[in-house]
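Survey of secondary and tertiary structure
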Amino acid sequence: SFFPCKVIEIVDIFDALTCKKNMPAAEALKLMKKEFIIKSLKIDPIIYKIFLEYRVNCGLIEEKEMTAIDSIIF
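Residues numbered from 1 in each chain as written. Predicted model: local features only at pLDDT ≥ 70, side-chain atom pairs only at ≥ 80, totals over all residues. Heavy atoms only, no water.

1. Quick word on the side chain of Arg55
- Along the chain, Arg55 falls in helix H3 (residues 45–57).
- Among buried Asp, Glu, Lys and Arg side chains, Arg55 stands out as unpaired, with Glu65 the closest opposite charge at 8.4 Å. (Helix = DSSP H or I, 4+ residues; strand = E, 2+ residues; numbered from the N terminus. Buried < 20%, exposed > 50% of the residue type's maximum accessible area, 1.4 Å probe, protein only. Lys, Arg positive; Asp, Glu negative; His and termini not counted. Salt bridge = Lys/Arg side-chain N within 4 Å of Asp/Glu carboxyl O.)

Below is the structure:
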């Protein structure tokens, strides 16, 4: 039951940023990485990466945006 909860956690944060805050998807993903992975580890970075790759594979964000997000280290 751990894995589904972690997936829902990521989707819920993404949904809140994109729907309720009207943030573009790429910006929401950048903010999630900065605030919830780098600044303080609150979401699973492996599941986040899977979510990011899923969005690229579905054509929902571009490959160059994923590269920019992956390059964020601080």
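2. Here's the deal with the packing of H3 against helix H4 (residues 63–70)
- It is at 9 Å that the axes of H3 and H4 come closest, and there the two elements cross at 160°. In terms of their interaxial angle, H3 and H4 are classed as roughly antiparallel. Note on packing geometry: the crossing formed by H3 with H4 is right-handed. Counted together, Tyr48, Lys49, Leu52, Glu53 and Val56 of H3 and Glu63, Met66, Ile69 and Asp70 of H4 form the full contact between these two elements.
- Its residues assigned to classes, the contact of H3 with H4 shows 5 nonpolar, no polar and 4 charged. (Axes fitted to C-alpha atoms, helices over the stretch in contact; angles between N-to-C directions. Parallel < 35°, antiparallel > 145°, perpendicular 65-115°, else oblique. Left-handed = near helix turned anticlockwise from the far one by under 90°. Contact = heavy atoms within 4.5 Å. Nonpolar A, V, L, I, M, F, W, Y, C, P; charged D, E, K, R; others polar.)

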